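Spelled out, the chains give:
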Amino acid sequence: MTDDLSEMHKVIRQNGFAAVVTARADGMVATHLPLHLIDDSANGVLWGHFAKANDHWQALDGEIEALAIFSGAHTYISPYWYETENSVPTWNYDAIHAYGRPRVMADPGAVIAGLSRLSDQYESGRATPWKVSDLPDDFVRAQLKGIVAFEMKIERLEGKRKMSQNRAPQDVRGAVAGLRATGRADDAQVADITEAANKDRL
């Protein structure tokens, strides 16, 4: 997955709550935010917003580089699931690092459009999805005073998928079986991804 853009975008969309990290003169600062991915450039554009009371947004001048970290499916792998003796515990995981230079958005209309896209993403699939447009315009514009929206054109994407590719096929099968046996939904998800990542040798 390291250089597969569509796979990296898929992980971002499925795991949109990211840690946004920026270096400032007084040190590193990080904020956890839901982000929306827009496909309108080579690597895409991330859109999100800070609470205005969070001064992290003041570091976003369109020049300073930031990093958005997306954690995908992940879980513990027990060495008891392997056939190979003298194995150690490990962790299977997906992660995406997106780098860019975020800039603050000042146009209220663009900010409202961004908020609509963000909520539409997370309301998708509900029987009666909530929409920003359900609210009175004056109420929405009043709420804008409490946030600072930004967009970040992704200049560089790094994807990491560690799903037992370094193990012998029999160990991969053991890990998949062990994950499925736990009965946990997150383990089942990692089992599915592990099988897909190793399908050519199982």
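Residues numbered from 1 in each chain as written. Predicted model: local features only at pLDDT ≥ 70, side-chain atom pairs only at ≥ 80, totals over all residues. Heavy atoms only, no water.

Student: Tell me about the environment of D200, and name the residues and values.
Tutor: With respect to the helices and strands, D200 occurs in the segment after α5 (185–197). With relative accessibility at 75%, the residue D200 sits in the exposed group. Sequence separation between D200 and L144 is 56 residues, and the spatial gap between their C-alpha atoms is 50 Å. (Helix = DSSP H or I, 4+ residues; strand = E, 2+ residues; numbered from the N terminus. Buried < 20%, exposed > 50% of the residue type's maximum accessible area, 1.4 Å probe, protein only.)

Student: Explain the nonpolar core to me, using residue names and the numbers behind them.
Tutor: Counting residues in hydrophobic clusters, the biggest one holds 20 residues, and the most contacted among them are L35, L46, A68, F70 and A98. For this core, the elements supplying multiple residues, two or more each, are α1 (5–14), β1 (17–24), β4 (45–51), β5 (66–77), β6 (90–100) and β8 (147–162). A total of four residues in this core trace back to one element, the largest contributor, which is β8. Setting aside its immediate chain neighbours within four residues, F70 contacts I12, N15, G16, A18, L35, L46, D94, A95, I96 and A98. One finds M105, L118, V140 and L144 within the second-largest nonpolar core, a separate group that totals twelve residues. (Core = buried A, V, L, I, M, F, W, Y, C linked by side-chain atoms within 4.5 Å. Contact = heavy atoms within 4.5 Å.)

Student: Break down the pairing of β8 for me, citing the residues and quoting the values.
Tutor: By the bridge criterion, seven bridges tie β4 to β8 in an arrangement that is antiparallel. Directly across from V45, in β8, lies its bridge partner K153. Sheet topology places strand β7 (residues 103–104) next to β8; two bridges connect them, and they run antiparallel. If you follow V104 over to β8, its bridge partner there is F150. (Pairing = 2+ DSSP bridges.)

On their own, these measurements won't tell you what the molecule is for.
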